[in-house]
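Coordinates in review
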Amino acid sequence: MSLIYIRKAAKNDLDQIMPIIDEAKKFLKEDGNPQWQSGYPNVDAISTDIEQDAAWVLIVDQKVAGYTAVTSGPDPNYHQIDGRWNNDLDPYVAIHRVAISNEYRGMHLASYLLSSLISLHYAEGVRNYRVDTFRRNEIVQHLVKDAGFIERGTIKNDDPIDPYRVAYELNL
């Protein structure tokens, strides 16, 4: 039986995180999804996540198997929405850059990662969660809908390939 848990990422995890990010980029490209095909996220973005204490890793049997970042709002990308947030008054966290190693793909570990992060932040008093993804990223859309997130509309960021994202919110 495998030991599976999440923890904050540290600088010395970067060598294990970046191959997972690169695998995710390749997976998205092969799936015909333009997300993450402009060079982002790169080492600088992940390093910044770690420095800002926003980076999380999924550990399976003492090996980094997944990565994500969780930031406390307000997120500037979420100020304008073509749609409507259900709760725009209370604090929220935003979940970004979810990636699972090819070695663990298909084992529902992204669901485990997401539910663990929600549970952990819920225990700290967070009741509102946001996530966004490319319009063509049906995998993440399915993942967040299964976790109880509701589609709230479209947001726009500065991505050169496709700036529009489907935005989701979970209110507990």
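Higher on the page you've got the structure.
Looking only at helices and strands, one finds 4 helices and 8 strands in the protein chain. Counting from the amino terminus, helix and strand elements in the protein chain follow one another as β-α-α-β-β-β-β-α-β-α-β-β. The C-alpha atoms of the protein chain give 15 Å as radius of gyration, which agrees with the globular expectation for 172 residues (16 Å, within 12%). Across its three principal axes, the protein chain shows a C-alpha extent of roughly 40 × 35 × 30 Å.

On to the side chain of aspartate 162, then. Residue position: aspartate 162 is located in the loop between β7 (150–156) and β8 (164–171). In this structure the side chain of aspartate 162 is engaged in a polar contact, spanning 3.1 Å, whose partner is the backbone nitrogen of tyrosine 164. Those residues in contact with aspartate 162 that lie beyond four places of it in its chain are Phe134, Arg135 and Asn157.

Okay, the pattern of salt bridges next. Tallying each qualifying case throughout the model produces 11 salt bridges. Between arginine 130 and glutamate 169 there is a salt bridge, with the nearest N and O atoms lying 3.7 Å from each other. Linking arginine 130 in strand β6 (residues 128–134) with glutamate 169 in strand β8, this pair joins segments that are 39 residues apart in sequence. Each member of the pair, arginine 130 as well as glutamate 169, is classed as buried. For arginine 135, the salt bridge identified is with aspartate 162, shortest N-O distance 2.9 Å. Remark: aspartate 162 occurs in the loop between β7 and β8 and arginine 135 occurs in the loop between β6 and α4 (138–146); sequence separation between them is 27 residues. Taken together, the salt bridges that share partners define one network made up of Asp88, Arg130, Arg152 and Glu169.

Two elements in contact, helix α1 (residues 14–30) and helix α2 (residues 43–51), have axes separated by 11 Å at closest approach and are oriented at 130 degrees. Considered as vectors, α1 and α2 are oriented oblique to each other. The interaxial crossing formed by α1 with α2 has right-handed handedness. Contacts between α1 and α2 involve Leu14, Ile17, Met18 and Ile21 from the first element and Val43, Ile46, Ser47 and Ile50 from the second. By residue class, the composition of the contact of α1 with α2 is 7 nonpolar, 1 polar and no charged.

Quick notes on the rules
- Residues numbered from 1 in each chain as written.
- Predicted model: local features only at pLDDT ≥ 70, side-chain atom pairs only at ≥ 80, totals over all residues.
- Heavy atoms only, no water.
- Helix = DSSP H or I, 4+ residues; strand = E, 2+ residues; numbered from the N terminus.
- Rg over C-alpha atoms; globule rule 2.2 N^0.38 Å.
- Polar contact = N/O pair within 3.5 Å; in protein donor to acceptor, adjacent residues only side chain to side chain.
- Contact = heavy atoms within 4.5 Å.
- Salt bridge = Lys/Arg side-chain N within 4 Å of Asp/Glu carboxyl O.
- Buried < 20%, exposed > 50% of the residue type's maximum accessible area, 1.4 Å probe, protein only.
- Axes fitted to C-alpha atoms, helices over the stretch in contact; angles between N-to-C directions.
- Parallel < 35°, antiparallel > 145°, perpendicular 65-115°, else oblique.
- Left-handed = near helix turned anticlockwise from the far one by under 90°.
- Nonpolar A, V, L, I, M, F, W, Y, C, P; charged D, E, K, R; others polar.

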